[in-house]
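# Examination of the molecular architecture
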Amino acid sequence: MRFTLTTSLLLSTIPLSLTSAVCIGKKLPGGSFDASVEIGGITSAQVLAVAPETSSCSSGGGECSNADVVTKALNDAFATYGLKTLGQKAGMIAYMAFESGGFKWNTNQYPGRPGQGTKCMLMFAHLYNFAISFPELQDSVAQNSPGGKLAEVNYSNADSMFSDSAKNAIRALVLGDAYTFKGALWYLTSYPSATCDKNQLNNGYQGFVATMGAPCYSVTMDAERKARWCSAIKAIMPAGMAAPSDCA
């Protein structure tokens, strides 16, 4: 198309946000459901819609996080691990909300497994590797490791290498807000032993189901997990976007 003064005048009447999106090929929010649309930071109101449990911390044995804390920590985690889309953010919110009982718990309650924790309830072998991914924690992890040195830990050797008290001591290092909300995202994006693809979460509910299954998180899907996902999607999807048919 030949660019003329008339063309320029016509383009000047189109909102800048729209012309910018067209020029760079960025998807616009609204319309039919699309989990691959990029969204901004989440809000406390959205967290409450997904996890009403965060309205207060009257229960949770000191491990509970209220909506304001959850919101800040999740937005920080999303930025750290590069999760930007509706499907990615909703998937991780739903996963953590389910595993932690609405962001109530940081440690495994049933059956009370030593060393298992964070808001996504990482098993100890994974939690150990998550902890050493933070340089500032490595010395403390080493102090609780055999021989006072960092070790290669996996499912097959974790129980024989660590006492329950050592597992719990290492777990305690990652239960603060700066770490505990990052476990699920680290596993999704950075754990070399896991076979996960964060972009799979952009494929709507079926993408969430696939990510929760093997070979990524390998957890069992049920009605409550689906309900958390639907709540998360509806809470954080852009205004004007239709809800997915899976959540009708």
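Residues numbered from 1 in each chain as written. Predicted model: local features only at pLDDT ≥ 70, side-chain atom pairs only at ≥ 80, totals over all residues. Heavy atoms only, no water.

## Some points on the overall build of the chain
What counts here: Labels follow the DSSP assignment, with helices taken as runs of H or I lasting at least four residues and strands as runs of E lasting at least two, numbered in each case from the N terminus. When a residue's accessible area, from a 1.4 Å probe over protein chains only, is under 20% of the maximum for its type it is buried; when over 50% it is exposed; and in between it is partly exposed. Contact criterion: two residues are considered in contact whenever any of their non-hydrogen atoms come within 4.5 Å of each other. The accessible surface values rely on the Shrake-Rupley method and a 1.4 Å probe; as for residues, cover is taken only from the protein chains in view.
The secondary structure content of the chain amounts to 13 helices and 0 strands. The buried share of the chain, reckoned over its 248 residues, is 46%. Taking as baseline every contact in the chain between residues at least 6 positions apart, the subset at least 24 positions apart corresponds to 64%. Here the chain displays about 12000 Å² of accessible surface, and carbon together with sulfur accounts for 54% of that area.

## Things to note about the environment of threonine 220
Residue position: threonine 220 is located in the loop between helix H12 (204-212) and helix H13 (223-236). Sequence separation between threonine 220 and valine 209 is 11 residues; the distance between their C-alpha atoms is 9.2 Å.

## Regarding the layout of surface pockets
As a reminder of what qualifies: Only protein atoms enter the calculation, which uses a 1 Å grid: trapped sets of points that fit a 1.4 Å probe without letting it out are cavities, open sets showing protein on both sides within 12 Å along at least five of seven lines are pockets, and any residue with an atom within 4 Å of a point is a lining residue. Grid points are joined across faces, edges and corners, and a volume is the space filled by probe spheres set on the points. Under the grouping applied here, Gly and all other residues not named as nonpolar or charged are polar, the nonpolar ones being Ala, Val, Leu, Ile, Met, Phe, Trp, Tyr, Cys and Pro and the charged ones Asp, Glu, Lys and Arg.
Quantified by volume, the largest pocket comes out at close to 180 Å³. Tyr95, Glu99, Gln116, Cys120, Met121, Leu122, Met123, His126, Tyr155, Tyr187, Tyr217 and Val219 are the residues that line the largest pocket. Looking at side-chain class alone, the lining of the largest pocket contains 9 nonpolar, 2 polar and 1 charged residues.

## Some points on unusual backbone geometry
Across the junction of tyrosine 110 and proline 111, the peptide omega takes the value 10°, indicating a cis bond. Relative to the helices and strands, proline 111 resides in the loop between helix H5 (86-99) and helix H6 (124-131). For the peptide bond that leads from alanine 214 to proline 215, omega is 10°, which places it in the cis range. One can find proline 215 in the loop between H12 and H13.

## A look at the packing of H5 against H13
Keep this limit in mind: Here an axis means a line fitted to C-alpha atoms, over the contact stretch when the element is a helix, while the angle between two N-to-C directions is reported on a 0 to 180 degree scale. Oblique is the label for every angle not falling under 35 degrees (roughly parallel), over 145 degrees (roughly antiparallel), or within 65 to 115 degrees (roughly perpendicular). Whether a crossing is left-handed or right-handed is set by the direction in which the near helix is turned from the far one by less than a right angle, anticlockwise for left-handed and clockwise for right-handed.
For the pair H5 and H13, the least separation of the axes is 8 Å and the interaxial angle reads 135°. Judged on the interaxial angle alone, H13 and H5 are oblique. The crossing of H5 and H13 is right-handed. Along the contact surface, H5 presents Leu86, Lys89, Ala90, Gly91, Ile93, Ala94, Tyr95, Ala97, Phe98 and Glu99, while H13 presents Glu224, Arg225, Arg228, Trp229, Ala232, Ile233 and Ile236. Within the contact of H5 with H13, the residues separate by chemical class into 11 nonpolar, 1 polar and 5 charged.

No statement about biological role is implied by the geometric values presented.
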